[in-house]
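Residues per chain are reported as follows:
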Amino acid sequence: MAELRRNLERDFLWAPVAFGLGASAYLEARSEPSLWALAASVAALVAFRWACLRWSAPRWALVLVTLASFAAAGGLAAKIRGDRVAAPIISGERIVRRVEGFVVDVASPGAGGQRLVIAPVTISGLAPERTPTRIRVTIGDVPPPAPGQALRLKAMLGPPPPPAAPGSYDFARDAWFDSIGGVGFVIGDVAATRLDQPPLRLRLTMAVNAFRWRLAQRLVARMGPTSGGIGAAMVTGHEAWITSAQTDAMRASGLAHILSISGLHMAIVGGFVFGGARLLIAAWPWLALRAPGKKLAAVAGLAAVLAYLVISGAPPPAERSAITASVAFLAILFDRRAITLHGLAVAALVILALMPETAAEPGFQMSFAATAALVALAEAWPTPVREISTPWWIRWPQAALTWLAASVAASLVAGLATAPFAMQHFNRVAVWGLPANLAVEPLSSFVIMPFLAVGTVLEAFGLGGPFLKVAGWGVDSMVAIASRFASAHGAQQIVASAPSQALVVAFLGLMILCLWRGRLRWIGAPLALSVALWPRPAPPDAWIAADGVTAAVRAGDAAVLLRADAKRFGAELWARRRGLIPSASALYACDRRTCAPRPGAPARLALAWSRKTPDAETLSGLCVRAEVVVVRAAAPTRTPPLCADTVLLTGEDFARGGAAELYRRPDGWRVVWAQPLRGDRPWSRMLTGDVTSDR
């Protein structure tokens, strides 16, 4: 009971947990909640809490009501945010449209090449009130134009894509909160044009992004494309020059987090400036005796973090990290401890209040869990004893061993804290992640980021060359280490996703381990292992893309792709989520328009991906050879008699249901569709594509 009473006093630490769970509940709801109902629930809980205080209710009851209030507030904040960012979305199938607009930014490359975020002024076929605020288009492997340019182009445009499989990551939901109402790819050349001056806010955004793009180009020119691409990504967030081989090596070795501007980068830049400012102030006796050196250094660190946030383009991970670092520096200014669980709770609440949608994003979940684990480790780490008059040959080895132990513990704890989220969301486990991170940590902390920071500042005066050269050497060494670990035996393992409730249980277990004080904290250990230990359901026997253009079937631990060149990203995403390895097979005979199973195929599934409805003869031939026939186009006017006992899925089914998973049952096939799992939400009302027929 004494332990319980002590932990009831730490209820504020659980406030962001409750707030985030409330926001996640809103995002995962099947129907759109009412704003007034959410507001009324918050008001009722706040009034109930006031009544508990007024009539001296037990402490445990007050804590429960407080956390319930934060959970309801999280749902309300997410609803307000979702309504505030609402913007038009292109509906229907992808069609060719003419676009005139401004390049807002150069997005991270996709499988098809370079991508642009464009603020359209006009889109053919769309009235001004139905024109999206932003669209994202792929332009291929050509040098992208700089932000701020006015362009005229022709693109195949459609709504943001739905989930690649039932229950998987919803791309359209993220696009909704980014106000991206259309995606596609450019057809033909991109031409410059003249347009009326855009609004002031858009001009400022494009000016900042243009500065970032020029800076990235200059870094690449100085450092070379090999190391400069990663250097530019770590400074400006632009990944246009990073090769696929570098990305694959960093992922397989567990070092991909270094390429994304996040807490590591903010901590190094802010800490480097803070330490440098303190050193300079201490080296100037006149100033050191008259000014609070630590607070001045904190102001310098805060300014560096905010400047880095602007230069990086303020992606969501950088925004979250900047808020966390700012809270730490503000704590120094107000004579509080910079790194505490209370400070982390304040930072998390600020982030979730401003961007409630981040509660469901893997990046926030992983960074919050890792930071909480590291802060809890720092609070539990024994304070070292300061030796007096110890010879340097004894003191230095002891300091080195202490640093090594702290590094191993920090990497191990952070890796364990993020493992459930990596397994659930990305279905990858980097077996050699711990030694790879230990090997790279000195390079990133003491060579790459500090020299990149100094070199970037001095490059404005043309003096950054020597520092950027050292940073480039560090980047090359980091990539070499990543490649070595990525090529080691069993470097990367594929893990199937557990049911969604397993991740919630694992998260709560991690929070108990980090936030609870006393022996009962170890109750969280088995809960934290839920994602790893939770029994996986039997994987489906087949998968079909949301538009019916391709499919895959399960054969043991492999996912056999019927069309290896179509929708490859979605097929691989589904395969990893189910713990399968994508592969090609000769067990399906494919021509220019159809695929049909051969004898010995793992599933008798046929596919017709033409936009025109197949004729009766073709459809009958597919039905004779298969139990399930997938037709991308509209259903025929009359179903051939030979298809009477065949499961026939047509374009109308995919327009209503999206992607599908098929399970073989003794009494036939069971089809699970993606769209019903999404519910009726603003970002899920996009599967309204018309299907074409040749009747």
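Everything quoted here is computed from the prediction, not taken from an experiment.

What follows concerns the overall build of the protein. For the protein, the helix and strand inventory stands at 24 helices and 19 strands. Relative to the globule expectation of 26 Å for 695 residues, the C-alpha radius of gyration of the protein, 28 Å, shows essentially globular dimensions. Along the three orthogonal principal directions, the C-alpha set of the protein runs to about 95 × 65 × 55 Å. By residue count, 49% of the 695 residues in the protein fall in the buried class. The long-range fraction of contacts in the protein, counting pairs at least 24 apart against all pairs at least 6 apart in sequence, stands at 67%. Accessible surface, the protein: about 33,600 Å² in total, of which carbon and sulfur atoms supply 63%. Computed over 68 positive and 44 negative side-chain charges, the separation of the two mean positions in the protein equals 6 Å.

All right, on to the environment of Met206 then. Note on placement: Met206 falls in helix α6 (residues 200-223). Separated by 59 residues in sequence, Met206 and Pro147 have C-alpha atoms that sit 5.7 Å apart. With near-sequence residues (within four places) excluded, Met206 lies in contact with Phe102, Val103, Val104, Pro147, Gly148 and Pro198.

A surface patch of nonpolar side chains, amounting to about 510 Å² of accessible area, comprises Leu401, Trp403, Leu404, Val408 and Phe446. Position of Trp403 among the secondary structure elements: in helix α15 (residues 392-426).

Quick look at the pairing of strand β5 (residues 180-186) now. Among the seven residues that make up β5, six are buried, leaving the element largely enclosed by the rest of the structure. Examined bridge by bridge, strand β3 (residues 134-140) and β5 share five bridges and lie parallel to one another. Its bridge partner lying in β5, Thr138 is registered against Phe185.

Any region with low pLDDT has predicted coordinates that should not be read closely. Per-residue confidence for the protein gives a mean pLDDT of 88; residues scoring 70 or more make up 97%. Segment residues 687-695: pLDDT under 50, and 30 contacts once partners within four positions in sequence are set aside and those in other chains are kept.

The mixed open sheet is built from five strands, whose spatial order is β13-β14-β15-β16-β17. The sheet is open, and its two borders are formed by β13 (588-590) and β17 (647-649), each paired with just one other strand. Here the average twist between neighbouring strands, direction ignored, is 15°. Bridge analysis of β13 against strand β14 (residues 594-597) gives three bridges, and the strand direction is antiparallel. Of the residues in β14, the one forming a bridge with Ala589 is Ala596. Each of β13, β14, β15 (605-608), β16 (628-631) and β17 touches helix α22 (residues 616-625); the most contacted strand, β14, lies at about 25° to it.

Our focus in this paragraph is helix α13 (residues 341-354). Its 14 residues place the ends of α13 20 Å apart at the C-alpha level, agreeing with the 20 Å of an ideal helix rising 1.5 Å per residue. Those residues of α13 not exposed but buried are Leu341, Gly343, Leu344, Ala345, Ala347, Ala348, Leu349, Ile351 and Leu352. Where the residues of α13 are buried, they touch α2 (15-28), α4 (59-84), α12 (316-333), α14 (362-380) and α18 (500-515).

By the element assignment, Lys79 lies in helix α4. Of the residues examined, Lys79 reaches a relative accessible area of 8% and is grouped as buried. A distance of 2.9 Å separates a polar atom in the side chain of Lys79 from a polar atom in the side chain of Glu32.

A volume near 530 Å³ is recorded for the second largest pocket. Contributing to the lining of the second largest pocket are 21 residues, with Ile311, Leu452, Ala453, Thr456 and Val457 lying nearest its centre. Those elements that place two or more of their residues in the lining of the second largest pocket are α6, α7 (225-236), α9 (263-282), α11 (293-311) and α16 (433-459). For the lining of the second largest pocket, the leading source of residues is α16, giving seven residues.

It is worth spelling out the pattern of salt bridges at this point. In this structure the tally under the stated criterion is 19 salt bridges. Asp83 is the salt-bridge partner of Lys79, the closest N and O atoms lying 3.5 Å from each other. Residue Lys79 and its partner Asp83 are both found in helix α4; the two are separated by four residues, about one turn of the helix. The exposure class of Asp83 is partly exposed, given its relative accessible area of 39%.

Another point: the pairing of β14. The side-chain alternation of β14 yields two buried faces, one formed by Thr594 and Ala596 and the other by Cys595 and Pro597. Here β13 folds back onto β14 in antiparallel fashion, the turn holding three residues. Pairing of β14 with β15 involves two bridges; the strand directions are antiparallel. The residue of β15 that forms the bridge with Thr594 is Ala608.

To continue, consider the state of the cysteines. Here is the idea: a disulfide is a covalent bond, and it sits between the sulfur atoms of two cysteines. The final tally for this structure, using the stated rule, is two disulfides. The side chain of Cys590 participates in a disulfide bridge whose partner is Cys595; the two sulfur atoms lie 1.8 Å from each other. On the S-S bond that ties Cys590 to Cys595, the torsion sits near 110°, and the link is right-handed. In this structure Cys595 comes out as buried when scored by relative accessible area, which is 0%. Between the sulfur atoms of Cys623 and its disulfide mate Cys643 the distance is 1.9 Å. Measuring the twist about the S-S bond at about 95°, one finds the Cys623-Cys643 disulfide to be right-handed. Note that Cys623 is positioned in helix α22 and Cys643 in the loop between β16 and β17, a separation of 20 residues in sequence. The two residues Cys623 and Cys643 agree in class, both being buried. When the cysteines of the protein that form disulfides are numbered from the N-terminus onward, they connect as 1-2, 3-4.

Cut-offs applied
Residues numbered from 1 in each chain as written. Predicted model: local features only at pLDDT ≥ 70, side-chain atom pairs only at ≥ 80, totals over all residues. Heavy atoms only, no water. Helix = DSSP H or I, 4+ residues; strand = E, 2+ residues; numbered from the N terminus. Rg over C-alpha atoms; globule rule 2.2 N^0.38 Å. Buried < 20%, exposed > 50% of the residue type's maximum accessible area, 1.4 Å probe, protein only. Contact = heavy atoms within 4.5 Å. Areas by Shrake-Rupley, 256 points an atom, 1.4 Å probe, with all protein chains shown as cover. Lys, Arg positive; Asp, Glu negative; His and termini not counted. Charge placed at Lys NZ, Arg CZ, Asp CG, Glu CD. Patch = residues over 30% accessible without salt bridge, like charges linked within 9 Å, V, L, I, M, F, W, Y side chains within 5 Å. Salt bridge = Lys/Arg side-chain N within 4 Å of Asp/Glu carboxyl O. Pairing = 2+ DSSP bridges. pLDDT = per-residue confidence, 0-100. Axes fitted to C-alpha atoms, helices over the stretch in contact; angles between N-to-C directions. Expected span 1.5 Å × (residues − 1). Polar contact = N/O pair within 3.5 Å; in protein donor to acceptor, adjacent residues only side chain to side chain. 1 Å grid on protein atoms, 1.4 Å probe; cavity = no way out; pocket = protein on both sides within 12 Å on 5 of 7 lines; lining within 4 Å. Points joined across faces, edges and corners; volume = space filled by probe spheres on them. Disulfide = S-S within 2.5 Å.

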